[in-house]
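Coordinate inspection notes
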Amino acid sequence: MRGACWYSNFSASRLASPSLTPLHLHLHLHQSQSQSQSLHFYHDQQHSNNINALNRPKTPPAPQEPNNPRPFSNPQNQKALISLIKSSSCTQMIHLLQIHAHLLRTSLLQDPTLSLSLLSRLSLYPFRDLAYSRRLFAQIPKLNVSHYNTMIRAYSTANYPLDGFNMYKEMIRRGIRPDPITLSFVTKSCIKISSLIGGLQIHGRILRGGHQLDNLLLTTLMSFYSSCVRCDEACKVFDEMSQRDTVAWNVLISCYTHNGRTRDALGVFDIMQSPLYGSEPDDVTCLLLLQACANLGALEFGGRIHKYIEEHGYRNALNLCNSLIAMYSRCGCLEKAYNVFKAMPVKDVVSWSAVISGLASNGRGVQAIEAFREMQRIGIAPDDQTFTGVLSACSHSGLLDEGRMFFNCMRKEFGIVPNIHHYGCVVDLMGRAGLLDEAYELIISMGIKPDPTIWRTLLGACRIHGHVDLGERVIGHLIELKAQESGDYVLLLNIYSSVGNWEKVIEVRKFMKEKGIQTIPGCSTMELKGIIHEFVVDDISHPRKNEIYEKLDEIEKQLNIAGYVAEITSELHNLGAREKVTRLSYHSEKLAIAFGVLATPPGTTIRIAKNLRICVDCHNFAKMLSGVYNREVVIRDRNRFHHFLEGRCSCNDYW
């Protein structure tokens, strides 16, 4: 037999392993009145029990022609073989190879139930031998949709999604009609390979096949559109679903968050629970919404989710507790983050890393290091994320010697190889200390290909210290990586304007215009009574705009009396001093702060999230306001938190 010859060549070395102790079990399956075949297994007593049923005496079948072997097993043999294939005691590949050999020799591979059972066992967890599974697949004489589904599933869940998609195309060429299971797994393959065209083809197949009512399949299709940044198409699929379970709502929340519509994601929480839909959020819903709250800085809404978690029995769920710590930390509320941490019955390395990272980003470097020491004391080994947090703590707090010590001990004491994030923290730390050339040499010699983020970290340090030549070199590296963004050129403009080189400023602006490089508009958000208020520069969209501008003018007068002077170097246009002051007056952060002063009682903490790095002038403005108005102002910009209190900032004026 052709298949049997192939099997002998392929697996002889695997069957001859001297490390196995053979227990010979004979499986007698009569093919004629005068002949029987036996199969030798390397197996244990459990396999003997499974095979006994096959050894019971039975009337031999009628003789067959030599060249026409019996194509199918009887039901008793089939059931016993399937049980053997699926047996939990079948833990070694050698067992499946012997079963495969038996199926080939007895022509039982023609039985679709048996071939499917063996294919599933080989291709899926725990064996996942895709190369061997593909060869077995090629031997099966009559393939059906279930065989293809098994292979597509195996490829889509492994690191070979393109092979899964190609298997689907082969299936279509052979005229085998896909079912919802096929379409679900091939859609997951399209997600992994980011194939918009492939996914659109699958969507068309879903419609042509009449699967519009398969909500599980449509939910997978929503995930596909979300991954391709096609939020509107995902929402359209959601709207067309006949019934929406919690999983579908979760995918919608994830879609909104993934596509920058975080406020819409938060709105889903109330909509899904309304009487019209009646879907109850689960732990995954809470996890997704906590991430959305963290991204948006929505502390009040995060508190609502926290309350829901406690009321619905998720209080001790480790992943939710860790997410609560991260959410409160990213909203600048360390006290609540610590309360969650303290109440956890079990804390893992993720819990400790979340606390350390939260302390770090909020400027509590010394406390972050103390938490790291405590973690070691109780016997929890740090991982790479822990070291990212503790190095970030050293960076944000200017702890140069401590940062170098932790960086050096990563490999020596803990066997953790520094990654690009660890190097980035050290570069930021050196930049804070003014060691720009040393930071540059570290990037060049680190043995890892530099990514755009680490170059931008150094570029930010060049802006702080006015290092023009190095800044230009860094921009050159970003151009080589084809990763330059508008923010990179804005930093370069800052460097040139800080030294008064307006010719270079004009030159860079001209280059940006020619290349069509658009700057990202600054945007600040503030949450008040569960509503997210958004501001941009010179904003006139807010319903209370007149009151806000009046309050801002009043605040500026009070701060001017206290000694505030606008930092005109923050304005990058070559204008007169008065024009620069006017342009700086209505930055989004200032409008958000003015709204906070207007809309909240005296003494209330004002919390703002900014999508870009806060400028020097707005930083000075917030610092001065915190002292004059006796308000704590917390601003989270793209890089870190700034806690303004009594005229000082937690960043010590380095960010």
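This write-up is about the structure you can find in this document. Note that the coordinates shown come from a computational prediction; the quantities given were computed from them, not determined experimentally.

With respect to empty space enclosed by the protein
Under the counting rule described, the total for this entry stands at 1 cavity of 30 Å³ or more. By volume, the largest cavity is sized at about 90 Å³. Elements supplying a minimum of two residues to the lining of the largest cavity: β3 (523-528), β5 (606-610) and β6 (633-636).

A closer look at unusual backbone geometry
Across residues other than glycine, the phi torsion is negative in most instances, and most of the peptide bonds are trans. Residue P126 is bonded to the preceding Y125 through a cis peptide linkage, with omega at 10°. One can find P126 in the loop between α5 (112-123) and α6 (130-139). Positive phi is not limited to glycine here, since S194 has a value of about 55°. Relative to the assigned elements, S194 resides in the loop between α9 (180-193) and α10 (196-208).

Thoughts on the pattern of salt bridges
Inspection of every chain in the model, using the stated rule, returns 17 salt bridges. Note that R456 is salt-bridged to D488, the shortest N-O span being 2.7 Å. Of this pair, R456 sits in helix α25 (residues 452-465) while D488 sits in helix α27 (residues 486-498), and the two are 32 residues apart along the sequence. For K551, the salt bridge goes to E554, with nearest N and O atoms at 3.4 Å. Taken as a pair, K551 and E554 lie in helix α29 (residues 545-562) at a separation of 3 residues, close to a single helical turn. Under the relative-accessibility criterion, K551 is labelled buried at 18%. E554 gets classed as partly exposed once you look at its relative accessible area, which sits at 38%. By sharing partners, the salt bridges in this structure join R134, E170 and R174 into a single network.

Quick notes on helix α4 (residues 93-105)
In a regular helix each residue adds 1.5 Å, so 13 residues correspond to 18 Å; α4 covers 19 Å between its end C-alpha atoms and thus fits that length. For α4, a buried count of 12 out of 13 residues is recorded, marking the element as mostly surrounded by other parts of the structure. Burial in α4 covers these residues: M93, I94, H95, L96, L97, Q98, I99, H100, A101, H102, L103 and L104. One or two steps after α4, the chain reaches S107, where phi turns positive at roughly 60°.

Some remarks on the packing of helix α31 (residues 588-599) against helix α32 (residues 616-628)
Where α31 meets α32, the closest approach of the two axes is 10 Å, and the angle between their N-to-C directions is 20°. Between α31 and α32, the interaxial angle falls into the category roughly parallel. For α31 against α32, the interelement crossing comes out right-handed. Where α31 abuts α32, its residues E589, K590, I593 and V597 lie against D617, C618, F621, A622 and L625. Of the residues belonging to the contact of α31 with α32, the class tally is 6 nonpolar, no polar and 3 charged.

As for the pairing of strand β4 (residues 531-536)
Pairing between β3 and β4: 6 bridges, direction antiparallel. Paired with S524 across the two strands is F535, which belongs to β4. Two successive antiparallel strands, β3 and β4, enclose a turn made up of 2 residues, where K529 displays a positive phi of approximately 55°.

With respect to the layout of surface pockets
Here the idea is plain: a probe the size of a water molecule rolls over the atoms and shows the empty space left. Roughly 400 Å³ of internal volume is contained in the second largest pocket. Around the second largest pocket sit 23 residues that line it, and L334, Y338, L359, R364 and Q367 are the ones nearest its centre. Broken down by secondary-structure element, the contributors of at least two residues to the lining of the second largest pocket are α17 (318-330), α18 (334-343), α19 (349-361) and α20 (365-377). In terms of residue class, the lining of the second largest pocket is made up of 12 nonpolar, 6 polar and 5 charged.

Observations regarding the packing of helix α23 (residues 420-432) against α25
The contact between α23 and α25 brings their axes to 9 Å, and the two run at 5°. Judged by the angle between their axes, α23 and α25 are roughly parallel. Where α23 approaches α25, its residues I420, Y423, G424, V427, D428, G431 and R432 are matched on the opposing element by I454, T457, L458, A461 and H465. Residue classes in the contact of α23 with α25 are distributed as 6 nonpolar, 4 polar and 2 charged.

As for the side chain of S588
Relative to the helices and strands, S588 resides in helix α31. By relative accessible area, S588 is classed as buried at 3%. At 2.9 Å, the side chain of S588 and the side chain of S524 are in polar contact. A polar contact is formed between the side chain of S588 and the side chain of E589, at a distance of 3.4 Å. With residues up to four places along the chain from it excluded, the contact list for S588 reads G522, C523, S524, F535, V536, V537 and K610.

Some thoughts on a nonpolar patch on the surface
A cluster of nonpolar side chains, namely I271, L276 and Y277, defines an oily patch on the protein surface of about 320 Å² accessible area. Looking at the secondary structure, you find I271 in helix α14 (residues 262-273).

Looking at a negative patch on the surface
Together, D469, E472, E503 and E507 give the surface a local cluster of negative charge. Mapped by element, the contributors of at least two residues to the negative patch are α26 (468-480) and α28 (502-514). Of note, E507 is situated in helix α28.

The rules behind these values
Residues numbered from 1 in each chain as written. Predicted model: local features only at pLDDT ≥ 70, side-chain atom pairs only at ≥ 80, totals over all residues. Heavy atoms only, no water. 1 Å grid on protein atoms, 1.4 Å probe; cavity = no way out; pocket = protein on both sides within 12 Å on 5 of 7 lines; lining within 4 Å. Points joined across faces, edges and corners; volume = space filled by probe spheres on them. Helix = DSSP H or I, 4+ residues; strand = E, 2+ residues; numbered from the N terminus. Salt bridge = Lys/Arg side-chain N within 4 Å of Asp/Glu carboxyl O. Buried < 20%, exposed > 50% of the residue type's maximum accessible area, 1.4 Å probe, protein only. Expected span 1.5 Å × (residues − 1). Axes fitted to C-alpha atoms, helices over the stretch in contact; angles between N-to-C directions. Parallel < 35°, antiparallel > 145°, perpendicular 65-115°, else oblique. Left-handed = near helix turned anticlockwise from the far one by under 90°. Contact = heavy atoms within 4.5 Å. Nonpolar A, V, L, I, M, F, W, Y, C, P; charged D, E, K, R; others polar. Pairing = 2+ DSSP bridges. Polar contact = N/O pair within 3.5 Å; in protein donor to acceptor, adjacent residues only side chain to side chain. Patch = residues over 30% accessible without salt bridge, like charges linked within 9 Å, V, L, I, M, F, W, Y side chains within 5 Å. Areas by Shrake-Rupley, 256 points an atom, 1.4 Å probe, with all protein chains shown as cover. Lys, Arg positive; Asp, Glu negative; His and termini not counted. Charge placed at Lys NZ, Arg CZ, Asp CG, Glu CD.

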